[in-house]
Amino acid sequence: MSSDAIQAEADIHLIQRIIPHRYPFLLVDKVRDIVANTSATGIKNVTFNEPHFQGHFPGTPIMPGVTIIEAMAQTAAVMVGVSNDLADKDFLVYFMGIDACKFRRKVIPGDVLEMRVTVTRGKPGAKVWRFRGEATVDGEMAAEADFTAMMDLPK
């Protein structure tokens, strides 16, 4: 582990201690390769029993693009939370903007979505952070976006 790495990985238990999301809206199963306030990789195991597949699209289940972007944002929030010791501290994050968003391939049940997020602006204690996110399946680009988030840091 490099000197910048706080913790190499956040499992589902730590993720739930950092962000408030729960089923059906918790969209990241693990966050690995965490480099403090710099980058991380989120893992989402896409399964058929997720509720959005009932209607998007029946008979041809495709993960909605907005949920892919949300999964990238959750990965970023976990990275910030781990980096700044925010577990169990009522940490909330809100979208402020999504830019340069593109979808490149379908994400379907059975896929493992890997979301690499990198901080492009932000530092410990800052309220506004900007990230670059890229989501891939088997090394193939599925989605990419720049997004800005407001960190509602505990007092």
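Residues numbered from 1 in each chain as written. Predicted model: local features only at pLDDT ≥ 70, side-chain atom pairs only at ≥ 80, totals over all residues. Heavy atoms only, no water.

Asker: Can you tell me about helix H2 (residues 65-83), naming the residues and giving the values?
Answerer: A rise of 1.5 Å per residue sets the reference length of H2, with its 19 residues, at 27 Å; its end C-alpha atoms lie 27 Å apart and thus fit the reference within 8%. Within H2, 17 of the 19 residues are buried, which leaves it mostly tucked inside the rest of the structure. Looking at the residues trailing H2, positive phi occurs at Asp85, about 55 degrees. (Helix = DSSP H or I, 4+ residues; strand = E, 2+ residues; numbered from the N terminus. Expected span 1.5 Å × (residues − 1). Buried < 20%, exposed > 50% of the residue type's maximum accessible area, 1.4 Å probe, protein only.)

Asker: I'd like a description of the sheet that holds strand E5 (residues 112-121), backed by residues and values.
Answerer: If you walk across this open sheet you meet the seven strands as E1-E2-E3-E5-E6-E7-E4, and the pairing is antiparallel. Every other strand in the sheet has two partners, leaving strand E1 (9-10) and strand E4 (92-103) as the edge strands with one partner each. Across two bridges, the pairing between E1 and strand E2 (residues 30-35) is antiparallel. By the bridge assignment for E2, Glu9 is matched with Arg32. (Pairing = 2+ DSSP bridges.)

Asker: Any details on the pattern of salt bridges? Residues and values, ideally.
Answerer: The final tally for this structure, using the stated rule, is 12 salt bridges. The closest approach of N and O atoms between Asp88 and Arg17, which form a salt bridge, is 2.6 Å. Of this pair, Asp88 sits in the loop between H2 and E4 while Arg17 sits in helix H1 (residues 12-18), and the two are 71 residues apart along the sequence. Here Asp88 falls in the exposed class, since its relative accessible area comes to 52%. Glu114 is paired through a salt bridge with Arg32; the nearest N and O atoms lie 2.9 Å apart. With a gap of 82 residues between them, Glu114 in strand E5 and Arg32 in strand E2 connect regions that are remote in the sequence. (Salt bridge = Lys/Arg side-chain N within 4 Å of Asp/Glu carboxyl O.)

Asker: Outline the environment of Thr136, supporting the account with residue identities and numerical values.
Answerer: Its place among the elements puts Thr136 in strand E6 (residues 128-137). For the pair Thr136 and Arg104, spaced 32 residues apart in the sequence, the C-alpha separation amounts to 9.3 Å.

Asker: Give a description of the pairing of strand E7 (residues 140-152) that names residues and reports values.
Answerer: Two elements, E4 and E7, share nine bridges in a ladder whose sense is antiparallel. Pairing of Asp99 across the sheet is with Asp146, part of E7. Note: E6 against E7, 10 bridges, orientation antiparallel. Counted as the bridge partner of Gly133 is Ala145 from E7. Hairpin connection, E6 to E7: the antiparallel pair is bridged by two residues, and Asp138 has positive phi, about 50 degrees.

The values are spatial; any link to function lies outside them.
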